[in-house]
Amino acid sequence: MNYQKVYGITGPVSVAGPTAPENKLNDALIQELKKEGSFESEADTAKRVQILKTLQELAQKFVYQVSKNKNMSDGMAKDAGGKIFTFGSYKLGVHGPGSDIDTLVVVPKHVLREDFFTVFDALLRERPELDEIAPVPDAFVPVIKIKFSGISIDLLCARLDVAQVPVTMTLSDKNLLRNLDEKDLRALNGTRVTDEILELVPKTSVFRIALRAVKIWANRRGIYGNVFGFPGGVAWAMLVARICQLYPNACSAVILNRFFKIYSEWKWPQPVVLKPIEDGPLQVRVWNPKIYAQDRSHRMPVITPAYPSMCATHNISESTKNVILGEFDRGIKITNEIFSNKKNWSDLFNKHDFFHKYKFYLTVAVTTKGDDEQHLKWTGLVESKLRLLILKLEALPGINIAHPFPALFGTTYIYKDNKDVENILQNYGSHKTENRLQNLVKITDDNKDDESVKDKPTMYLTTMYIGLDVNVENKKEKVDIHVPCAEYFNLCRNFNEEFQDNDVFSLIIRYVKLYDLPDEVYDENEARPIKKKRSKRAKGAEDDNGTKRPKSDAGSIESSSTTAIGQTAAA
């Protein structure tokens, strides 16, 4: 009698292996992933291994130095250890060229978080391989962001309540979580979840190919990014892992087809879980909708397998849920046609149509007159609160969907005086007026090191877009979006005293019609949407130069050195 291990909380849907046609489609999928640049070269992989080896040496040196500073003997200081763990796409084995490495430094109890941001920071700065470094000690999960030998790395730190951290240590024991503060628990969570996912899938090679395909698909279709209300990397990994559990012997091509079929029919908010939710030794909250009202509000819950279990998709709104479900429906239609040999895998990965789809868009433009570090902080805050604006907008009568685009568009200008600043604030972000900025110098990768732009006053701009599906019964009615925009504006502006400086930080929220979207949102060879020709009678309403003020500029909420909140924005 054949015995097969059961993965997950239910038995498999099918234990059938792949057929010859399915294997052929799987080979075609792998070839398409190679064409899409999903895999990195052996040399680049070896480079990452060497970098992690160097970081392991630095982690041990860091713990040794702190131990010696606390009057430990040489032997005790060496035995204190210190270990580097990885998580995210690198640990899952689905990283590609240019991917960063998520890294965790685990230290014993006598090494403090302050030591990480002083002693370890100093050790990193001594290394010739270091290209960039940005410590962020006040983040939700404190982090040192570095670029090391050309590769971006996020370094977290977690302090365990143990005297030694040997290189043989694993983080699977729940008792290691005792007596830790919340920041240490959050830092450890990424590694523990990644390790559990890999243990809970039947065939890691099948899982990895399927996940690579899902990551490319989700990025191309504009539905990847936790902060914007879409699943992030870990959530997509758990969604793929669950399908692998249900079809333990299938090839990646079949997993991909079943992925779309099952999730397009899933009875949300039924949660996706990889194993039974566990209790543990800590007095911490574990995801439980029977007890917590907040957990009952999660629309598409995907639950992490490592204790304490949490919802990785709590940011999903009603609007983003509808967008995701629409993409699942598209995915099952295309993969069915691929299995019928009517389409190719490249059709699945076709680019989104976000900037062709809606009649109205809301633009959230973040600007900073200062340095790039100030702008990163300001942009990070506005971006992290964007989902609250989405929730406010979709609650308005007349708005069916408030669809955020999960990527940022950035530009940097040199300015001479306040006249240039006003010119940028007034004209940036609209196709009709962006040509008025042509006389200003834009900083690019090509000229950023030129003497002509060094030490000149710079204005950083980052723009986020929200597509609005507006539906009013009476076409003369207007949807007033001023109140939610004003509330969001005030939330961002008043979050931190630093950001109340109008001379440095600016936030402009305005709506733009489809045909007024700026050129930056379209690829070089992508055609802009073309406005249908209007009748002569309608044309006569404009002057000969067609300079009638566009309705999309009629209202905005903005902040600059001279303006606080503008007119009502209406769509």
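Residues numbered from 1 in each chain as written. Predicted model: local features only at pLDDT ≥ 70, side-chain atom pairs only at ≥ 80, totals over all residues. Heavy atoms only, no water.

### A closer look at the pairing of strand S9 (residues 458-470)
Most of S9 is tucked away, with 11 of its 13 residues classed as buried. With 10 bridges connecting them, strand S6 (residues 360-369) and S9 associate as antiparallel partners. Counted as the bridge partner of Phe360 is Leu468 from S9. For strand S7 (residues 399-404) and S9, the ladder comprises 5 bridges, and the chain directions are antiparallel. (Buried < 20%, exposed > 50% of the residue type's maximum accessible area, 1.4 Å probe, protein only. Helix = DSSP H or I, 4+ residues; strand = E, 2+ residues; numbered from the N terminus. Pairing = 2+ DSSP bridges.)

### Some thoughts on the sheet that holds strand S1 (residues 83-87)
On the basis of which strands lie adjacent, the open sheet formed by 5 strands has the order S1-S2-S5-S4-S3 and mixed pairing. Each edge of the sheet is formed by a strand with only one pairing partner; in this case those strands are S1 and strand S3 (130-136). Neighbouring strand axes in the sheet, compared pairwise and without regard to direction, differ in orientation by 25° on average. Summarising the sheet, strand S4 (residues 143-148) and strand S5 (residues 151-159) pair through 5 bridges and their orientation is antiparallel. Following the sheet pairing, Ile146 is matched in S5 by Ile153. Packed onto the sheet, helix H6 (residues 182-199) meets S1, strand S2 (101-107) and S5 and runs at close to 115° relative to S5. (Axes fitted to C-alpha atoms, helices over the stretch in contact; angles between N-to-C directions. Contact = heavy atoms within 4.5 Å.)

### Focus: the UniProt feature "binding site: Mg(2+) 2" (unreviewed entry) in the chain
The feature "binding site: Mg(2+) 2" (unreviewed entry), as annotated in UniProt, sits at Asp100, Asp102 and Asp154 in this numbering. The annotated residues occupy 55 residues of the chain but converge on a single region, no pair of C-alpha atoms lying more than 7.5 Å apart. Relative to the helices and strands, Asp100 is located in the loop between helix H4 (88-92) and S2. We classify Asp100 as partly exposed; its relative accessible area is 28%. What Asp100 contacts, discounting residues up to four positions off in sequence, is Arg48, Ser89, Ser152 and Asp154. On the secondary structure map, Asp102 appears in strand S2. With near-sequence residues (within four places) excluded, Asp102 lies in contact with Phe85, Thr86, Phe87, Gly88, Ser89 and Asp154. (UniProt positions renumbered as here; feature names shortened; annotations may be inferred.)

### Brief notes about the UniProt feature "binding site: ATP" (unreviewed entry) in the chain
In the numbering used here, UniProt assigns the feature "binding site: ATP" (unreviewed entry) to Phe87, Gly88, Ser89, Asp100, Ile101, Asp102, Asp154, Lys215, Tyr224, Gly233 and Val234. Secondary-structure assignment places Ser89 in helix H4. Setting aside residues no more than four positions away along its own chain, Ser89 makes contact with Val94, His95, Ser99, Asp100, Asp102 and Lys215. Its location among the elements puts Tyr224 in the loop between helix H7 (204-220) and helix H8 (233-246). Contact partners of Tyr224, with chain neighbours within four places excluded, come to Lys215, Ala218, Asn219, Phe230, Pro231, Gly232, Gly233, Trp236 and Pro406.

### Topic: the pattern of salt bridges
This structure, assessed with the given rule, holds 24 salt bridges. In this structure, Glu129 engages Arg127 in a salt bridge whose closest nitrogen and oxygen atoms are separated by 2.8 Å. In this structure, Glu318 engages Arg299 in a salt bridge whose closest nitrogen and oxygen atoms are separated by 3.1 Å. Taken together, the residues Glu318 in helix H11 (residues 318-339) and Arg299 in the loop between helix H10 (293-296) and H11 connect sequence positions 19 residues apart. (Salt bridge = Lys/Arg side-chain N within 4 Å of Asp/Glu carboxyl O.)

### Digging into the pairing of S6
The element S6 is extensively covered by neighbouring structure, given that 10 of its 10 residues are classed as buried. Covered by surrounding structure in S6 are Phe360, Leu362, Val364, Val366 and Thr368 together with Tyr361, Thr363, Ala365, Thr367 and Lys369, the residues of both alternating faces.

### Focus on the side chain of Arg493
With respect to the helices, strands and loops of the structure, Arg493 is situated in helix H17 (residues 482-493). Here Arg493 is buried and forms no salt bridge, its nearest opposite-charge partner Asp501 lying at an N-O distance of 7.2 Å. In terms of polar contacts, Arg493 uses its side chain to reach the backbone carbonyl oxygen of Phe499, at 2.4 Å. (Lys, Arg positive; Asp, Glu negative; His and termini not counted. Polar contact = N/O pair within 3.5 Å; in protein donor to acceptor, adjacent residues only side chain to side chain.)

### A word on the environment of Leu391
Inspection of the secondary structure assignment puts Leu391 in helix H15 (residues 386-394). In this structure, the C-alpha to C-alpha distance between Leu391 and Pro484, residues 93 residues apart in sequence, is 9.1 Å.

### With respect to the state of the cysteines
Within the structure shown, the criterion is met by 0 disulfides. Of all cysteine sulfurs in the structure, the one in Cys251 sits closest to Cys244, which takes part in no disulfide; the separation is 11 Å. Taking relative accessible area as the criterion, Cys244 reaches 3% and is therefore assigned buried. The closest cysteine sulfur to the non-disulfide-bonded Cys485 is located on Cys492, 11 Å from its own sulfur. (Disulfide = S-S within 2.5 Å.)

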